[in-house]
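# Coordinates in review
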Amino acid sequence: MTSTNWVDLSRDSETGIESLRAHFEGHAYDPHWHDTYAIGLTEQGVQRFHLGRTRHESTPGKVILLEPGDVHDGHGPTPEGFTYRLLYIDPHWLHRQLGGLFEQRPDEYRMAFQDAMSSDVRLAHAIGTAFDVMHYGDFRITRQAALDSLLERLTCHVQWRRRPQPNPVMPLLAAKTREFLHAHIADDIGMDDVGRALGCDRFRITRAFKAAFGMSPHAYLVQLRLVGARRLLARGETPADVAAATGFADQSHLGRWFRRAYAMTPAYYRNRCSKLPD
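Worth saying up front: this structure is predicted, and the values here are computed from it rather than measured.

## Overview of the overall build of the protein chain
Scanning the protein chain for helices and strands turns up 10 helices and 12 strands. For the protein chain, whose C-alpha radius of gyration is 19 Å, the value lies close to the compact-globule estimate of 19 Å for 278 residues. Expressed as lengths along the three principal axes of its C-alpha atoms, the size of the protein chain is roughly 55 × 45 × 35 Å. Split into buried and exposed, the 278 residues of the protein chain put 49% on the buried side. When the accessible surface of the protein chain is totalled, it reaches about 13,900 Å², and 50% of it is carbon and sulfur. Side-chain charges of the protein chain comprise 34 positive and 33 negative groups, with the mean position of each set lying 4 Å from the other.

Structure (structure tokens):
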């Protein structure tokens, strides 16, 4: 984190919604993904990010809509950098809340966005209002009203997608590799271990996995561990314990990867989410 870059994060204890406001000049963060929805807007400058292989540029007032698992990075291509705000919303909470606002929501589906970016002025206003009351801790009734207004406007940009099912098109090798990585999230595994478990050479496994998921097995495992680390840190567990629980060599190892992905330290994230001292 340079002296010109900054991050300000808060977490609402009732809903679990995290609100983040940040400014970056140049490189912001490496490709990563969240297990939450990320709904936000650009305040100032040009916010460039890749979503998969597609490049997007968001300017002031533009809305950004990311789904859980969307791999994205962040960069400020202009000298003045960019400032933005985001709300990270748990998909289970959002699914329940939308049930009251969107009567046709089928239970066997999950929410998906029609586009990753929008110029909807009313949605941008709703995001800004919800961010302010959540981030700065307004009255509970005020927070609930702002979230209701946000969700009402958000339904204009929603489509319903079936919950993930086994994909017959996805190569079986890639699917089994992902299962292996999830089962060994905290283990110090190598691609030779994956190869032995699946009965296939690691080069073929890597090619199949990249074709299916857009990243290598190694990069996917790191992101899987980081998502797990965020959950544990938000509950107040110490960075040292979290590092051990999620497969990092030590607290320093966790810190290096955490900063690359989220532009903040694990201790800062824990403090802002749990209000416990570093």
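So that's the structure; there's more coming.
## Structural notes on the sheet that holds strand β8 (residues 72-76)
If you walk across this open sheet you meet the four strands as β3-β8-β5-β6, and the pairing is antiparallel. Edge strands, defined here as strands with exactly one partner in the open sheet, are β3 (26-32) and β6 (54-58). Each adjacent strand pair in this sheet contributes to an overall mean axis angle of 15 degrees, direction not counted. Inspection of the sheet shows strand β5 (residues 47-51) paired to β6 by five bridges, in the antiparallel sense. When the bridges of β6 are listed, H50 appears paired with R55.

## Describing the UniProt feature "domain: HTH araC/xylS-type" (unreviewed entry) in the protein chain
This chain's UniProt record puts "domain: HTH araC/xylS-type" (unreviewed entry) on residues 175-272. Overall, residues 175-272 shows 74% helix and 0% strand. The separation of its end C-alpha atoms is 36 Å.

## Comments concerning the layout of surface pockets
Approximately 370 Å³ is the volume attributed to the second largest pocket. Forming the boundary of the second largest pocket are 17 residues, of which R11, E18, D35, T36 and R231 lie nearest the centre. Split into classes, the residues belonging to the lining of the second largest pocket amount to six nonpolar, four polar and seven charged.

## Thoughts on unusual backbone geometry
The phi torsion at A263 lies on the positive side, around 60 degrees, for a residue other than glycine. One can find A263 in the loop between α9 (251-262) and α10 (266-274).

## So, the environment of K275
Looking at the secondary structure, you find K275 in the segment after α10. Expressed as a C-alpha distance, the spacing of K275 and G236, which sit 39 residues apart in the sequence, is 8.2 Å. Apart from the residues lying within four places of it in its own chain, the contact partners of K275 are S10 and R270.

## Re the nonpolar core
F24 and L226 are the most contacted members of the largest nonpolar core, which totals 53 residues. It is helix α7 (residues 217-234) that contributes the most residues to this core, 10 residues altogether. With 28 residues, the next largest nonpolar core counts I39, F113, F131 and L154 among its residues.

## A look at the packing of helix α4 (residues 172-183) against α7
Contact geometry for α4 and α7: axes closest at 10 Å, N-to-C directions at 40 degrees. As far as their axial angle goes, α7 and α4 are oblique. Crossing of α4 over α7 shows right-handed handedness. Residues T177, R178, L181 and H182 of α4 form the contact with α7, whose participating residues are P217, Y220, L221 and L224. For the contact of α4 with α7, the class distribution of residues is five nonpolar, two polar and one charged.

## Some points on the pattern of salt bridges
All told, the structure shown has 17 salt bridges when counted by the stated rule. Of the charged contacts, one joins R272 and D8 as a salt bridge, the two residues approaching to 2.7 Å between their closest N and O atoms. Linking R272 in helix α10 with D8 in strand β1 (residues 6-11), this pair joins segments that are 264 residues apart in sequence. Judged by its relative accessible area of 25%, R272 is partly exposed. Classification of D8 by relative accessible area gives partly exposed; the value is 24%. A salt bridge links R143 to E14, with the shortest nitrogen-to-oxygen separation between them at 3.5 Å. Note that R143 is positioned in helix α3 (residues 140-154) and E14 in the loop between β1 and β2 (18-24), a separation of 129 residues in sequence. Looking at R143, the relative accessible area reads 14%, which means it is buried. Shared partners join several salt bridges into a network, and the residues in it are D12, E14, R140 and R143.

Cut-offs applied
Residues numbered from 1 in each chain as written. Predicted model: local features only at pLDDT ≥ 70, side-chain atom pairs only at ≥ 80, totals over all residues. Heavy atoms only, no water. Helix = DSSP H or I, 4+ residues; strand = E, 2+ residues; numbered from the N terminus. Rg over C-alpha atoms; globule rule 2.2 N^0.38 Å. Buried < 20%, exposed > 50% of the residue type's maximum accessible area, 1.4 Å probe, protein only. Areas by Shrake-Rupley, 256 points an atom, 1.4 Å probe, with all protein chains shown as cover. Lys, Arg positive; Asp, Glu negative; His and termini not counted. Charge placed at Lys NZ, Arg CZ, Asp CG, Glu CD. Pairing = 2+ DSSP bridges. Axes fitted to C-alpha atoms, helices over the stretch in contact; angles between N-to-C directions. UniProt positions renumbered as here; feature names shortened; annotations may be inferred. 1 Å grid on protein atoms, 1.4 Å probe; cavity = no way out; pocket = protein on both sides within 12 Å on 5 of 7 lines; lining within 4 Å. Points joined across faces, edges and corners; volume = space filled by probe spheres on them. Nonpolar A, V, L, I, M, F, W, Y, C, P; charged D, E, K, R; others polar. Contact = heavy atoms within 4.5 Å. Core = buried A, V, L, I, M, F, W, Y, C linked by side-chain atoms within 4.5 Å. Parallel < 35°, antiparallel > 145°, perpendicular 65-115°, else oblique. Left-handed = near helix turned anticlockwise from the far one by under 90°. Salt bridge = Lys/Arg side-chain N within 4 Å of Asp/Glu carboxyl O.

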